[in-house]
Amino acid sequence: PGKPTLYGSVTRRGLRSEGVPDIAASEGFLVGEVTKKSILISCPHENVSTKFLAPYTTFSRIHQKSITCLDISSGGGLGVSTSTDGTMKIWQAANGEIRRLLEGHVYDVNCCRFFPSGLVVLSGGMDAQLKIWSAEDASCVVTFKGHKGGILDTAIVDRGRNVISCSRDGTARLWDCGKSACLGVIADCGSPINGIAAGTADDSLNLGTPEKPPSEREIGTEGKMLLLAREDKKLQGVGLQSRQPVFLFMGSDAFNCCTFLSSTYVLAGTQDGNIYQLDVRNTNTPIQVIHRSGAPVLSLLPYRDGFIASQGN
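Being a predicted model, the structure only gives us computed values, none of them experimental. (Residues numbered from 1 in each chain as written. Predicted model: local features only at pLDDT ≥ 70, side-chain atom pairs only at ≥ 80, totals over all residues. Heavy atoms only, no water.)

### Side note on a nonpolar patch on the surface
A contiguous nonpolar surface patch, about 260 Å² in accessible area, is contributed by Ile67, Leu70 and Ile72. Looking at the element boundaries, isoleucine 67 is found in strand β6 (residues 67–72). By relative accessible area, isoleucine 67 is classed as partly exposed at 48%. (Patch = residues over 30% accessible without salt bridge, like charges linked within 9 Å, V, L, I, M, F, W, Y side chains within 5 Å. Areas by Shrake-Rupley, 256 points an atom, 1.4 Å probe, with all protein chains shown as cover. Salt bridge = Lys/Arg side-chain N within 4 Å of Asp/Glu carboxyl O. Helix = DSSP H or I, 4+ residues; strand = E, 2+ residues; numbered from the N terminus. Buried < 20%, exposed > 50% of the residue type's maximum accessible area, 1.4 Å probe, protein only.)

Right under this line is the structure:
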């Protein structure tokens, strides 16, 4: 950060006897280990290295344009994805074969995810509608209306009796799937909420007390916190059942995404390329701020002992 970008090139000179390409890098860069599926490039002067991986499968026939959101079912069998080509499709994760086309949103679909069962899909669109679909016959089972702006992200509580959505209208709402009704506004922050994540919070955290007893239709909200990645450069934690604010953290730019790493650690990514790791018990100072490039951090996913981040470069 703060230094000019270094550019270089790699050239393939031929094929080595073991069937691996012979690759050379331009001045200032070194080629490390080369396999059939990866190339390790380092810049000794700056003490950095990156391993470039080749995909082992590419599905190029599912969508015609950029893919904006995707999810894989818990069993790993099915994928669901949305695209700027205006479609939302369910496909087989093994071979990319299209199984279902989910049609019903007006304008773009922004987000899609499977329920834990893997048989049902939740989606939100620019039409301010939240929809639940059957993955088996592509029928739209429920439509939730209440948001005044496009829905930007969703979260599923426990096994999915309740779901949460966030919108450009600045609110996050809790919905009851069985009665297809809104159970309440979890947060109203006057700024678009770009991403949310629901997770179990550390026992030592005070999540606040609800002003009135929660509806008996609220299932699994107790002891949980909702993270809000806000456009106004704030990351907020709210008690899911209490609707009370737990913390507010100011970042360097608009927050695009957030996730729980554990009951104490959370991650959030900003438009200017920062990934913040915070301890929810004390959010005054981040545990670490990772900055690999100035490209927006678009999504974050816990993986093994670390996480995967995608950036807009």
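### Details of the domain arrangement of the protein
Taken domain by domain, the protein comprises domain 1 (10–53) and domain 2 (67–311). A straight line from the C-alpha centre of domain 1 to that of domain 2 covers 38 Å. (Domains from an automatic or database assignment.)

### Points about the packing of aromatic side chains
Ring pairs (aromatic) are described by centroid distance and by the angle formed between their planes. Here the structure, examined in full by the defined rule, presents five aromatic pairs. On the numbers, 5.2 Å between centres and 70° between planes, the contact of phenylalanine 249 with tyrosine 276 is edge-to-face. Remark: tyrosine 276 occurs in strand β24 (residues 274–279) and phenylalanine 249 occurs in strand β21 (residues 245–250); sequence separation between them is 27 residues. We classify tyrosine 276 as buried; its relative accessible area is 8%. Taken together, the aromatic side chains of Phe249, Phe255 and Tyr276 make up a single cluster linked through ring pairs. (Phe/Tyr/Trp six-rings, centres within 6.5 Å; stacked < 30°, edge-to-face > 60°.)

### Side note on the layout of surface pockets
Of the voids in this model, the second largest pocket is the one considered here, and its volume is about 1,600 Å³. Within the residue set of the lining of the second largest pocket, elements represented by two or more residues are β4 (38–43) and β5 (48–53). Ranked by residue count, the leading element in the lining of the second largest pocket is β5, at six residues. Residues lining the lining of the second largest pocket come from more than one domain, with at least three contributed by each of domain 1 (10–53) and domain 2 (67–311). (1 Å grid on protein atoms, 1.4 Å probe; cavity = no way out; pocket = protein on both sides within 12 Å on 5 of 7 lines; lining within 4 Å. Points joined across faces, edges and corners; volume = space filled by probe spheres on them.)

### Some thoughts on the pattern of salt bridges
For the structure shown, the criterion picks out seven salt bridges. Close ionic contact of arginine 217 with aspartate 176 constitutes a salt bridge, the shortest N to O distance being 2.6 Å. Linking arginine 217 in the loop between β18 (193–200) and β19 (224–230) with aspartate 176 in strand β16 (residues 171–176), this pair joins segments that are 41 residues apart in sequence. Judged by relative accessible area, arginine 217 falls into the partly exposed class, the value being 29%.

### Notes on the pairing of strand β13 (residues 140–144)
Both strand β12 (residues 130–134) and β13 contribute to a ladder of four bridges, which runs antiparallel. By the bridge assignment for β13, isoleucine 132 is matched with valine 142. Between β12 and β13, which follow one another and run antiparallel, lie five residues, and alanine 138 among them has a positive phi close to 65°. (Pairing = 2+ DSSP bridges.)

### Notes on the sheet that holds β21
Judged by pairing direction, the sheet is antiparallel, and its four strands sit side by side in the order β18-β19-β20-β21 without closing on themselves. Each edge of the open sheet is held by one strand with a lone partner, namely β18 and β21. Put simply, the sheet's adjacent strands are angled 15° from each other on average, direction ignored. Where strand β20 (residues 234–239) meets β21, five bridges bridge the pair, whose relative direction is antiparallel. Paired with glycine 237 across the strands is phenylalanine 247, a residue of β21. (Axes fitted to C-alpha atoms, helices over the stretch in contact; angles between N-to-C directions.)

### A look at the nonpolar core
By size, the foremost hydrophobic cluster in this structure holds 25 residues, and its most contacted members are Val80, Leu102, Phe144 and Val163. Of all elements in the fold, only β7 (78–83), β8 (88–92), β10 (109–114), β11 (120–125), β12, β13 and β14 (151–157) reach the threshold of two or more residues within this core. Counting residues per element, this core draws most heavily on β10, at four residues. Setting aside chain neighbours within four positions, we find phenylalanine 144 in contact with Ala128, Gln129, Leu130, Ile132, Val163, Trp175, Asp176, Cys177, Ser180 and Ala181. Counting residues in each nonpolar core, the second largest holds 18 residues, with Phe247, Phe255, Cys258 and Tyr276 among its members. (Core = buried A, V, L, I, M, F, W, Y, C linked by side-chain atoms within 4.5 Å. Contact = heavy atoms within 4.5 Å.)

### Brief notes about the UniProt feature "repeat: WD" (unreviewed entry) in the protein
Sites flagged by UniProt as "repeat: WD" (unreviewed entry) map to residues 60–101, 102–143 and 144–176. Structurally, residues 102–143 comprises 0% helix and 50% strand, and the distance from its first C-alpha atom to its last is 13 Å. When the span residues 144–176 is considered, its composition is 0% helix and 61% strand, and the gap between its end C-alpha atoms is 9 Å. (UniProt positions renumbered as here; feature names shortened; annotations may be inferred.)

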